[in-house]
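Structural features, examined
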Amino acid sequence: MAVILIVEDEIFVRELAGMFLEDWGHTALFAGSVDEALVVLKSGAPIDALFTDIYLKKAVFGGSDLAREAMTLRPDLRVLYTTGNRATDELRSLFVLGSHFLGKPYTPHQLQTSVDGLLQA
């Protein structure tokens, strides 16, 4: 099972995703902002994957920039992006290489399938 850092500014969405991940045996770490996520990433805590919203409120840069910074800190980190916006080619051009995408709203089954695919990649 994996340790997954969930970065989501909507607390309900963040807590619900974490609840599902923990029900499936994963460990969920939580951050409500880019700054909080960077603190966790720099802490040395084991983290296997980053599950981040692309658009984060009150962020100078969003989830795509966070993922690039996270990959600098932890090159083996796997990244799963999410957003309620359509994943256009322009949006996908911002993604780090090898990352995955899950559109909102998503079902628990879609989240589980996406996380399983991410971890097996």
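Quick note: structure is the one above.
Just so it is clear, the model here is predicted, and its values are computed rather than measured.

Conventions adopted
- Residues numbered from 1 in each chain as written.
- Predicted model: local features only at pLDDT ≥ 70, side-chain atom pairs only at ≥ 80, totals over all residues.
- Heavy atoms only, no water.
- Patch = residues over 30% accessible without salt bridge, like charges linked within 9 Å, V, L, I, M, F, W, Y side chains within 5 Å.
- Areas by Shrake-Rupley, 256 points an atom, 1.4 Å probe, with all protein chains shown as cover.
- Salt bridge = Lys/Arg side-chain N within 4 Å of Asp/Glu carboxyl O.
- Helix = DSSP H or I, 4+ residues; strand = E, 2+ residues; numbered from the N terminus.
- Expected span 1.5 Å × (residues − 1).
- Buried < 20%, exposed > 50% of the residue type's maximum accessible area, 1.4 Å probe, protein only.
- Arc of directions from axis to C-beta.
- Contact = heavy atoms within 4.5 Å.
- Axes fitted to C-alpha atoms, helices over the stretch in contact; angles between N-to-C directions.
- Parallel < 35°, antiparallel > 145°, perpendicular 65-115°, else oblique.
- Nonpolar A, V, L, I, M, F, W, Y, C, P; charged D, E, K, R; others polar.
- Phe/Tyr/Trp six-rings, centres within 6.5 Å; stacked < 30°, edge-to-face > 60°.

For the rest of this paragraph, the subject is a nonpolar patch on the surface. Taken together, the side chains of I11, F12, L16 and M19 make up a nonpolar region of the molecular surface, amounting to roughly 400 Å² of accessible area. Along the polypeptide, I11 turns up in helix 1 (residues 11-23).

Turning next to helix 5 (residues 108-120). With 13 residues, helix 5 extends 18 Å from end C-alpha to end C-alpha; this agrees with the ideal 18 Å at 1.5 Å per step. Along helix 5, the residues that are buried comprise L111, S114, V115, L118 and L119. End-on, the buried residues of helix 5 take up no more than an arc of 125 degrees, which puts them together on one face. For helix 5, exposure combined with an orientation more than 90 degrees from the buried face picks out H109 and Q120.

As a further point, take unusual backbone geometry. Each neighbour pair has its own omega, and for K104 with P105 the value is -5 degrees, a cis peptide bond. For P105, the location among the structural elements is in the loop between strand 5 (100-103) and helix 5.

This part is about the side chain of S64. When you line up the elements, S64 lands in helix 3 (residues 63-73). Residues contacting S64, with those up to four places away along its chain left out, are I54, Y81 and L94.

As a further point, take the packing of helix 2 (residues 34-42) against helix 3. Relative to each other, helix 2 and helix 3 sit at 10 degrees, their axes nearing to 10 Å. As judged from the angle between their axes, helix 2 and helix 3 are roughly parallel. Contact residues: V34, A37, L38, L41 and K42 in helix 2; L66, E69, A70 and L73 in helix 3. Counted by class, the contact of helix 2 with helix 3 contains seven nonpolar, no polar and two charged residues.

On to the packing of aromatic side chains. Using the criterion set out here, one finds four aromatic pairs in the structure. Plain terms: the ring middles of Y81 and F95 are 4.2 Å apart, the flat faces sit at 20 degrees to each other, and that makes the pair stacked. A residue pair is termed long-range when its members are at least 10 positions apart, and Y81 in strand 4 (residues 78-83) and F95 in the loop between helix 4 (89-92) and strand 5 qualify at 14 residues. According to the relative accessible area criterion, Y81 is buried, its value standing at 0%. With a centroid separation of 5.9 Å and 20 degrees between ring planes, the pair formed by F95 and F101 is classed as stacked.

Taken by themselves, the reported measurements are silent on function.
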